[in-house]
Structures are given as C-alpha cells and as structure tokens.
Amino acid sequence: MIHVENLKFSYTGEKNILNGISFHIKKGSVTGLIGDSGCGKSTLCHILSGIIPNEIDGEISGEVKIAGQPLKYMELNEAAEYVGLVMQDPDRQIVTSTVEDELAFGLENRCILPSEIVERVEYMLDFLEIRNLRYENPGRLSGGQKQLVSIGGILTLKPPVLILDEPFSHLDENGRMLVEQLIHKMKEVGQTVLIVEHNYEYIQFADQFIWLEDGTIQAEGTPEEVLNLYESCSKGS
C-alpha cells in the first residue's frame, strides 16, 4: 500500500532531513513510526500526505507510491483521496458545531451527493460508536471523543491510507483506550494505518515498527524486535 524508495528531502537551503530512506507497508496493516523529536517523522508524514511539496517547498527525490500511484504527480486534493492525515491536536481539525456536521464536512467539500453523505455519516456514527453524540458540539467533548470525531471525519472520505500523527499525546488513559480500540476496528475492516508516535509504549499493539533516527531508518520489524534494538542503543549512548 505504501512504497517508499530512496526518499531524500531537505528544506530549501538546509541539510537533508531524510537521507535516502526506503520501506514498504502492506495493505491492512498497522505500522508504528517511532524516533526521537526532530528525526524526520513529521516531514515524512507531510510527504506521504502531499503537503510536501504542494504546500511546503524543498528539495525532494526518490519514489513514493500509494496504492501503486506515484505521489509526485498529484495535486494536494488528489493526494487526499489516497492518504488522510489526522493531526495530533484534534482541536486544530474540528471546524463545525455538531459531530454530525463534522463527519459530513469533508464530504460536502468534495461535492459528494447528499444521499451518499447521509449514508457515510450514518455508517461512521455506528463504526465509531458515537451515535449518542451526533448533535453534540465536538469542541465540548472529552479528548478521546474529539480524537474519534477527527479520525471519523477523515475516514468518511475513504482514503486507503490513514496517518495518525501522535494521536495519544493529548489524551488521558480513557481517551487512549478509545483511540486504540478504534485502531483495532480499522484493522479489522482492512484500513492501512501509519501511527507516528514519540511515546512508543502506546502503540506496541502495532504489526510492525519503523525506527527513524537522523533521517535514516535504523530498524524495521516487530515492535519487540525494534524496541529491543532501540532500547539497547539508547542505553549504550
């Protein structure tokens, strides 16, 4: 589902943020992208979602394909059909006054038929198990509920790939449990999920980890394999 080959990127006039990284992510899998702050995780997310180079300039080379389609030929609105990005702070993504409207917002912007919008919103209310919140103001919900609504607003667009940028960082234990349960449900229905997370202990349920450090992939494998190497290197330093 995600194919990255020899990807290099630098912001204009600066040194490389990504140094020729390559990796592949299978359809329907949950992948954790870990690494210290400043290692290039956010930059990689911006490339995969089309924000770079459509909205942010820089020098980019290498190959990135989503569902077999090369990203370098896509405008931002086309890239959004393949990759959905959920930011770490749900308050930055919520724009409407009811949960129902929030789930419909992206669909309305894409001029989806009203009957299709209703169908997708109804499905998502059930999938998220938040039908009781449909008329609530999302800005007044708990942190975990806000994150569910933010994720749901992207899922209604049916992107093959969903990127969650530190989805647990603003949540308490109950909120983290809600989001983790949703990620398990997404996997059950075949959604490909990439989770970017600094606190790797929150995502040890993932199928695989990719450890990014100083713009280079240090290790790939099961969470146990990667964390053993990550922690041994951390102790050695």
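Thresholds applied
Residues numbered from 1 in each chain as written. Predicted model: local features only at pLDDT ≥ 70, side-chain atom pairs only at ≥ 80, totals over all residues. Heavy atoms only, no water. Salt bridge = Lys/Arg side-chain N within 4 Å of Asp/Glu carboxyl O. Buried < 20%, exposed > 50% of the residue type's maximum accessible area, 1.4 Å probe, protein only. Helix = DSSP H or I, 4+ residues; strand = E, 2+ residues; numbered from the N terminus. Axes fitted to C-alpha atoms, helices over the stretch in contact; angles between N-to-C directions. Left-handed = near helix turned anticlockwise from the far one by under 90°. Contact = heavy atoms within 4.5 Å. Nonpolar A, V, L, I, M, F, W, Y, C, P; charged D, E, K, R; others polar.

Notes on the pattern of salt bridges
Argument step 1. Under the counting rule described, the total for this entry stands at nine salt bridges.
Argument step 2. Arg131 is the partner of Glu122 in a salt bridge, and the nearest nitrogen-oxygen pair spans 2.9 Å.
Argument step 3. On the basis of relative accessible area, Glu122 is assigned to the partly exposed category, the value being 25%.
Argument step 4. For Lys187, the salt bridge is made with Asp207, and the minimal N-O distance between the two is 2.5 Å. Of the two residues, Lys187 is situated in helix H7 (residues 173–188) and Asp207 in the loop between strand E8 (192–196) and strand E9 (208–213); the sequence distance between them amounts to 20 residues.
Argument step 5. On the basis of relative accessible area, Lys187 is assigned to the partly exposed category, the value being 35%.

Concerning the packing of helix H4 (residues 99–109) against helix H6 (residues 143–155)
Argument step 1. Running from N to C, H4 and H6 cross one another at 35°; their axes reach a closest spacing of 7 Å. Viewed along their axes, H4 and H6 form a crossing whose handedness is right-handed. Between H4, through Val99, Glu102 and Leu103, and H6, the contact on the second element is made entirely by Val149, Gly152 and Gly153.
Argument step 2. Looking at the contact of H4 with H6, its residues break down into three nonpolar, two polar and one charged.

Observations concerning unusual backbone geometry
Argument step 1. A cis amide bond links Ile52 with the next residue in sequence, Pro53, at an omega value of 10°.
Argument step 2. If you trace the backbone, Pro53 turns up in helix H2 (residues 51–54).
Argument step 3. Backbone geometry places Glu166, a non-glycine residue, at a positive phi of 45°.
Argument step 4. Mapped onto the elements of the fold, Glu166 is located in the loop between strand E7 (161–165) and H7.
Argument step 5. For Glu166, a relative accessible area of 17% translates into the label buried.
Argument step 6. Residue Asp214 is not a glycine yet carries a positive backbone phi of 50°.
Argument step 7. Following the sequence through the fold, Asp214 ends up in the loop between E9 and strand E10 (216–221).

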